[in-house]
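Spelled out from the first residue to the last, the chains are:
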Amino acid sequence: MINGAKAGLVPALSAAPFGALFGAVAISHGQSVFEAVMMSITIFAGASQLVGIELFGQRVAPWLIVLSVVAVNFRHVLYSAALTPVLAHFSLPRKMIAFFFMTDPQFAESLKRHEAGTPVTFAWYMGAAITIYGLWNVMTLIGALLGGFIQDPRALGLDVLLPIYFLSLVMGFRSRPNYLSIVAVSALASVLAYATVGSPWHVSCGALAGIALAAILPPKKATDTVSEVSSS
């Protein structure tokens, strides 16, 4: 579990400012400190939490809020499918716990550990998960407590934290086969969907486009991929 906590520390610190951002935005949208913290504790899905906050109080039908959150979190369906073979040795109750704590950094760290040939044990997984979960909620509390002093988080440039955070996760897989072409097609599809269909559906459209291309393209050798990335 200690090794897992060490593995989760850097991703947790990277996501910490985003947790504080959510807390501040939640307060600016009329939530209490208790409501903001409880939303993080029970939902624990950063981008989806922000989508929900933006839609609350705008006379939007509840089903539309739920559908929007599902659209943003659709990538978790892909995450769980990719990690199912990695966590196959977990019992059903442990799998249910593991998938509750499934986040972008949790997925990335677990997959990297598995590909390095090291078993992903339940103790290691929970060590990383508790570190990320704990710091996220602490930062949500701090952001909520300070939220009253931040009238407009965008004016401080805090809205760029989420894109930078996700970009760092994507860059972590740059040595994988067909990385550049898949990322390019996924990004293009996401931009086009954003301009035509709108947010948050562009997230799912970009993901599906990347998956479709990955399924079509023949896998490259690791040496070919490294050469491609190095030359770019």
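It should be emphasised that the depicted structure is a prediction, and the values quoted were computed from it without experimental measurement.

Quick question: what am I supposed to make of the confidence of the model for the chain here?
Do not read the predicted coordinates in detail wherever pLDDT is low. Averaged over every residue, the pLDDT of the chain is 79; residues scoring 70 or more account for 78%. Note on residues 225–232: pLDDT under 50 across the span, and 10 contacts to partners over four residues away in sequence or across chains.

Would you mind going over the pattern of salt bridges with me for this structure?
It is possible for side chains bearing opposite charge to pair when their charged atoms get close. All chains considered together, the criterion is met by 1 salt bridge. With a closest N to O distance of 3.3 Å, glutamate 109 and lysine 112 form a salt bridge. With a gap of 3 residues between them, glutamate 109 and lysine 112 both fall in helix α7 (residues 104–115), about one helical turn apart. With relative accessibility at 18%, the residue glutamate 109 sits in the buried group. The class of lysine 112 is partly exposed, set by a relative accessible area of 38%.

For this particular structure, what's the right way to read the side chain of histidine 76?
When you line up the elements, histidine 76 lands in helix α5 (residues 75–83). Look at histidine 76 and you get buried, because its relative accessible area is 17%. Not counting residues within four places of it along the chain, the set of residues in contact with histidine 76 comprises Met102 and Thr103.

Honestly, helix α2 (residues 33–43) in this entry has me stumped. Any pointers?
An α-helical turn contains 3.6 residues, so any two residues separated by three or four positions project in the same direction. All of the buried residues along α2 are Ala36, Val37, Met39 and Ser40. In an axial view of α2, the angular spread of the buried residues amounts to 155 degrees, which keeps them on one side of the axis. The elements touched by buried residues of α2 are α1 (2–28), α3 (46–55) and α8 (122–146). Following α2 by one or two positions, phenylalanine 44 has its phi on the positive side, about 50 degrees.

Please clarify how the packing of aromatic side chains should be interpreted in this entry.
Both the distance between ring centres and the angle between the ring planes are used here to describe each pair of aromatic rings. Under the counting rule described, the total for this entry stands at 9 aromatic pairs. With 4.3 Å between their ring centres and 10 degrees between their planes, tyrosine 79 and phenylalanine 107 make a pair best called stacked. In this pair, tyrosine 79 is assigned in helix α5 and phenylalanine 107 in helix α7, connecting sequence segments 28 residues apart. For the pair shown, tyrosine 79 and phenylalanine 107 are each scored as buried. Ring geometry for phenylalanine 101 against tyrosine 133: centres 5.2 Å apart, planes inclined by 90 degrees, an arrangement best described as edge-to-face. Of this pair, phenylalanine 101 sits in the loop between α6 (92–100) and α7 while tyrosine 133 is found in helix α8, placing the two residues 32 residues apart along the sequence. One exposure class covers both phenylalanine 101 and tyrosine 133, and it is buried. Among the aromatic residues, those joined into a cluster by ring pairs are Phe44, Phe100, Phe101 and Tyr133.

Criteria and thresholds
Position numbers for residues count from 1 along each chain, tracking the sequence in the order it is written. A pLDDT threshold of at least 70 governs which residues receive local features in this predicted model, and a stricter bar of 80 or more applies before side-chain atom pairs are shown or counted, although totals over entire chains, interfaces and linings include all residues. Heavy atoms throughout the structure, all of them, feed into the side-chain values; hydrogens and water do not. Summary of the metric used: pLDDT quantifies the predictor's per-residue confidence within the range 0 to 100. In this analysis, two residues are considered to be in contact whenever any of their non-hydrogen atoms come within 4.5 Å of each other. Here, a salt bridge means any Lys or Arg side-chain nitrogen found within 4 Å of an Asp or Glu carboxyl oxygen. Labels follow the DSSP assignment, with helices taken as runs of H or I lasting at least four residues and strands as runs of E lasting at least two, numbered in each case from the N terminus. Relative accessibility under 20% of the residue-type maximum defines a buried residue, over 50% an exposed one, and the middle range a partly exposed one, all with a 1.4 Å probe and only protein chains included. Summarising the geometry, the arc corresponds to the directions from the helix axis toward the C-beta atoms. Only the six-membered ring of Trp is used, alongside the rings of Phe and Tyr, when aromatic pairs are assigned; centres must lie within 6.5 Å, and planes under 30 degrees apart are stacked while those over 60 apart are edge-to-face, with the rest tilted.

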